[in-house]
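# Per-entry structural report
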Amino acid sequence: MDVMNIMLFHSTIGLRPAVHAAADRLRAAGHEVRVPDLFEGHTFDTVEEGMAFQQQVGKEELLKRAVLAAAPYSDQGLVYAGFSFGASVAQTLALGDAKARGLLLLHGTSDIAENASVDELPVQLHVADPDPFESHDWLNSWYLQMQRTGADVEVYRYPGAGHLFTDPDLPDYDEESAELAWKVGLGFLATLQA
């Protein structure tokens with residue numbers, strides 16, 4: 001198996017222990033993982049607090065921080081990954097990086113620029129079903145748009161799980177769904193070729 005260089009972005013509640021634990025899980029599978037802190041040390045107890053902070057900082061500034069974090073490593077061919085808000089950041093960067101090796105999305109997606117184009121970029125999404133932030137109609141539309149960009153997309157739905165179901169410190173946590181998502185996600189990473 002090739003070692004992947006993974007850029008893992010945190011959710012809207014910040015760089016919490018679950019993100020470091022996820023990075024450790026990926027490292028244990030043999031990958032190199034970086035977890036930039038786009039919120040510069042701020043963490044939150046609720047999604048609402050995190051979203052308020054995001055709006056205060058601004059989408060452009062947060063994307064700029066993400067680009068600056070990824071730029072020194074992008075020549076290596078990064079796999080972009082993220083949780084919820086971090087997944088939307090990962091998606092935006094992956095679609096703009098011709099050398100991206102893959103995109104692993106947990107709990108979130110993002111709008112897709114009309115002119116976005118990739119060369120069979122492997123993409124895997126893991127999302128609750130239903131998810132308060134990712135409606136069925138949106139996900140159907142997102143899937144079709146991602147396919148139009150040239151991405152090779154797989155979507156995994158987790159009935160009854162909470163939005164951030166992989167975070168053991170949150171009420172959303174669903175151990176069975178989380179373990180399945182990690183098993184499938186690690187399998188996906190193992191299929192990515194140099």
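Residues numbered from 1 in each chain as written. Predicted model: local features only at pLDDT ≥ 70, side-chain atom pairs only at ≥ 80, totals over all residues. Heavy atoms only, no water.

## Topic: the overall build of the protein
Along the protein, the regular secondary structure elements total six helices and six strands. Counted from the first residue to the last, the protein has its helices and strands arranged as β-α-β-α-α-β-α-β-β-α-β-α. Oriented by its inertia axes, the alpha-carbon framework of the protein measures out at about 40 × 35 × 35 Å. Counting across all 194 residues of the protein, residues that qualify as buried make up 53%. Of the accessible surface of the protein, which amounts to about 9200 Å², a share of 50% is contributed by carbon and sulfur atoms. Positive and negative side-chain charges of the protein, numbering 12 and 29 respectively, have mean locations separated by a distance of 6 Å. (Helix = DSSP H or I, 4+ residues; strand = E, 2+ residues; numbered from the N terminus. Buried < 20%, exposed > 50% of the residue type's maximum accessible area, 1.4 Å probe, protein only. Areas by Shrake-Rupley, 256 points an atom, 1.4 Å probe, with all protein chains shown as cover. Lys, Arg positive; Asp, Glu negative; His and termini not counted. Charge placed at Lys NZ, Arg CZ, Asp CG, Glu CD.)

## Quick look at the environment of Ser-135
Inspection of the secondary structure assignment puts Ser-135 in the loop between β5 (122-129) and α5 (136-149). Taking relative accessible area as the criterion, Ser-135 reaches 38% and is therefore assigned partly exposed. In this structure the side chain of Ser-135 is engaged in a polar contact, spanning 3.1 Å, whose partner is the backbone nitrogen of Trp-138. (Polar contact = N/O pair within 3.5 Å; in protein donor to acceptor, adjacent residues only side chain to side chain.)

## Topic: the packing of aromatic side chains
If you walk through the whole model with that rule in mind, you get six aromatic pairs. Taken together, a centroid distance of 5.0 Å and an interplanar angle of 65° make the contact between Phe-39 and Phe-53 edge-to-face. Of this pair, Phe-39 sits in the loop between β2 (32-34) and α2 (47-57) while Phe-53 sits in helix α2, and the two are 14 residues apart along the sequence. Taken individually, Phe-39 and Phe-53 each receive the classification buried, so the pair is uniform in this respect. Here the aromatic cluster, defined as three or more aromatic residues joined through ring pairs, consists of Phe-39, Phe-44, Phe-53 and Phe-85. Geometry around Tyr-73 places Arg-34 over its ring, the cationic atom sitting 3.7 Å from the centre. (Phe/Tyr/Trp six-rings, centres within 6.5 Å; stacked < 30°, edge-to-face > 60°. Lys NZ or Arg CZ within 6 Å of the ring centre and 35° of its normal.)

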